[in-house]
Amino acid sequence: MKPLILSAVLIATATPAIAEETFTYNTSCVVKLNKIPEPQVCQVIENRNAQGFLNWRNVYARNYFVNSWFDNRGFITKDSIHKYPYKWQYKANRQGYSQISPHLNVHNVSWD
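Quantities reported herein were computed from a predicted structural model and do not represent experimental measurements.

Rules used throughout
What you see as residue numbers is a count from 1 along each chain, following the sequence as written. pLDDT decides what is reported in this predicted model: residues at 70 or higher carry local features, side-chain atom pairs at 80 or more are listed and counted, and totals for whole chains, interfaces and linings draw on all residues regardless. Hydrogen atoms and water are omitted, and side-chain values are computed over all heavy atoms in the structure. Among the buried residues, those of types Ala, Val, Leu, Ile, Met, Phe, Trp, Tyr and Cys that are joined through side-chain atoms within 4.5 Å form a nonpolar core. Any residue under 20% of the maximum accessible area for its type is buried, any over 50% is exposed, and the rest in between are partly exposed; the area is computed with a 1.4 Å probe on protein chains only. Note on conventions: DSSP H or I runs of at least 4 residues are helices, E runs of at least 2 residues are strands, and numbering of each starts at the N terminus. Only heavy atoms matter for contacts: two residues are in contact if any of them lie within 4.5 Å across the pair. Paired strands are those between which DSSP finds at least two bridges. Put simply, a salt bridge is a Lys or Arg side-chain nitrogen that is within 4 Å of an Asp or Glu carboxyl oxygen. Working definition: a ring pair exists when centres of Phe, Tyr or Trp rings (six-membered ring for Trp) sit within 6.5 Å. Plane angles under 30 degrees give stacked, over 60 give edge-to-face, the rest tilted. Counted as over-ring charges are cases with an Arg CZ or a Lys NZ within 6 Å of the ring centre that also lie within 35 degrees of the ring normal.

Now, about the nonpolar core: what can you tell me, with residues and values included?
Core analysis: the biggest nonpolar cluster contains 17 residues, and Cys42, Val59, Tyr64, Tyr90, Ile100, Leu104 and Val106 have the highest contact counts within it. Secondary structure elements with two or more residues in this core: strand S1 (21-33), strand S2 (36-48), strand S3 (54-60) and strand S9 (104-107). Leave out the neighbours within four places in its chain, and valine 106 touches Thr27, Ser28, Cys29, Val44, Val59, Gly96, Tyr97, Ser98 and Ile100.

Here is the structure:
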């Protein structure tokens, strides 16, 4: 019995922990409030799991923010204008910008 317990302890301690990493970077963005596009620099903070897949992302502009995450409903977004979280599918354009909410286009980000 003791060898079985000892081997279970060794296996449990030798198993690597599931690592998550958080990244912070700045990128160009365009905030479109009141139908007027305003170029800015946004700060992006995102968390990825050990396989590199996105867990959540927060994007901050001067006058607007977006929080996005995965849950049982899919990819969910909440921003500083809408009161409740909503489903949003990123839309990419040819200039390298992704529309991550109805009011924000961010350069060089993806939802995966």
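Here the narrative resumes, following the displayed structure.
Quick rundown of the pairing of S2? Include the residues and the values.
Sheet topology note: the S1/S2 ladder contains 13 bridges and is antiparallel. The residue of S2 that forms the bridge with threonine 22 is asparagine 47. With antiparallel pairing between neighbouring strands as the criterion, S1 and S2 make up a hairpin whose turn holds 2 residues, including asparagine 34 at a positive phi of roughly 55°. Here S2 pairs with S3 via 6 bridges, running antiparallel. Note on S3: the bridge partner recorded for asparagine 47 is tryptophan 56. The loop that links S2 with its antiparallel partner S3 comprises 5 residues; one of these, glycine 52, has a positive phi angle of about 95°.

Outline the pattern of salt bridges, listing residues and values.
Scanning the entire structure with this criterion turns up 4 salt bridges. Across the pair glutamate 46 and arginine 48 runs a salt bridge whose closest N-O atoms are separated by 3.1 Å. Each member of the pair glutamate 46 and arginine 48 is classed as buried. One salt bridge connects aspartate 71 with arginine 73, and the closest N-O pair in it is separated by 2.8 Å.

Tell me about the packing of aromatic side chains, residues and numbers included.
Each aromatic ring pair is described using two quantities: the centre-to-centre distance and the angle formed by the ring planes. In total, this model carries 4 aromatic pairs according to the counting rule given. Put simply, the rings of Phe70, Phe75 and Tyr90 pair up and form one aromatic cluster. The ring of tryptophan 88 is capped by lysine 91, whose NZ or CZ atom sits 3.7 Å from the centre of that ring.

Explain the environment of glutamine 95 to me, using residue names and the numbers behind them.
Here glutamine 95 lies in the loop between strand S7 (91-92) and strand S8 (97-101). Take glutamine 95: its relative accessible area is 54%, and that puts it in the exposed class.

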